[in-house]
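Listed below are the residues making up each chain.
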Amino acid sequence: MDFIEIITGRFLLNYIGGNIRFIYGTLWRTIFNKPKFTFKEYIKGPKKSNHYDDFGHQFNNRIIEAIFLGIIIFILVNYYL
């Protein structure tokens, strides 16, 4: 069970949240002509980073994924009930 929790918590939530941040960030930075980050930077943090940057980016990805899943579940529950 621990292996499954590690995979879902660290891998899947990080990558799904990173995808959402990448799409949003790319659109936002394109509209306002700001320099864009790479996909790898959204997942693992900036190129020049320390431990706190890595932890912060992964934490943000997981929080965004939890909010996204909450919205999806809320929509599905209200649609089917």
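Just above, that's the structure.
Computed from a prediction, not measured in an experiment: that's the story for all the values here. (Residues numbered from 1 in each chain as written. Predicted model: local features only at pLDDT ≥ 70, side-chain atom pairs only at ≥ 80, totals over all residues. Heavy atoms only, no water.)

Draft legend 1. Fine view of the overall build of the chain. For the chain, the count of helices and strands is three helices and zero strands. When the elements of the chain are put in sequence order from the N terminus, they spell out α-α-α. Counting only residues that meet the buried cut, the chain has 17% of its 81 residues in that class. Total accessible area on the chain stands at roughly 6600 Å², and carbon and sulfur atoms take up 70% of it. (Helix = DSSP H or I, 4+ residues; strand = E, 2+ residues; numbered from the N terminus. Buried < 20%, exposed > 50% of the residue type's maximum accessible area, 1.4 Å probe, protein only. Areas by Shrake-Rupley, 256 points an atom, 1.4 Å probe, with all protein chains shown as cover.)

Draft legend 2. How the structure looks around the packing of aromatic side chains. What the rule picks out here adds up to six aromatic pairs. The interplanar angle of 80° and the centroid separation of 5.8 Å between the aromatic rings of Phe 22 and Tyr 42 together place this pair among those described as edge-to-face. Taken together, the positions of Phe 22 in helix H1 (residues 2-31) and Tyr 42 in helix H2 (residues 39-44) put the pair 20 residues apart, joining distant regions of the chain. Accessibility expressed as a relative area gives 6% for Tyr 42, which makes it buried. Between Phe 37 and Tyr 42, the aromatic rings sit 5.9 Å apart at their centres with planes inclined by 85°, giving edge-to-face as the arrangement. Linked through ring pairs, Phe 22, Phe 37, Phe 39 and Tyr 42 together constitute an aromatic cluster. (Phe/Tyr/Trp six-rings, centres within 6.5 Å; stacked < 30°, edge-to-face > 60°.)

Draft legend 3. Structural view of the environment of Ile 43. Mapping Ile 43 onto the fold places it in helix H2. Linking Ile 43 and Arg 21, residues 22 residues apart in sequence, is a C-alpha distance of 9.0 Å. Ignoring sequence-local partners within four residues, the contact set of Ile 43 consists of Asn 14, Tyr 15, Gly 18, Gln 58 and Asn 61. (Contact = heavy atoms within 4.5 Å.)

Draft legend 4. Quick look at the side chain of Glu 41. For Glu 41, the location among the structural elements is in helix H2. Residue Glu 41 is classed as buried on the basis of its relative accessible area of 13%. Here Thr 38 takes part through its backbone nitrogen, which lies 2.9 Å from a polar atom of the side chain of Glu 41. Ignoring sequence-local partners within four residues, the contact set of Glu 41 consists of Pro 46, Lys 47 and His 57. (Polar contact = N/O pair within 3.5 Å; in protein donor to acceptor, adjacent residues only side chain to side chain.)

Draft legend 5. Focus on a nonpolar patch on the surface. On the surface, Phe 11, Leu 12, Ile 16, Phe 68, Leu 69, Ile 72, Ile 73, Leu 76, Val 77, Tyr 79, Tyr 80 and Leu 81 cluster together into a nonpolar patch covering about 1200 Å² of accessible area. At the level of elements, H1 and helix H3 (51-80) are the ones that each hand at least two residues to the nonpolar patch. Considering each element in turn, the nonpolar patch owes the most residues, eight residues, to H3. Within the secondary structure, Leu 12 sits in helix H1. (Patch = residues over 30% accessible without salt bridge, like charges linked within 9 Å, V, L, I, M, F, W, Y side chains within 5 Å. Salt bridge = Lys/Arg side-chain N within 4 Å of Asp/Glu carboxyl O.)

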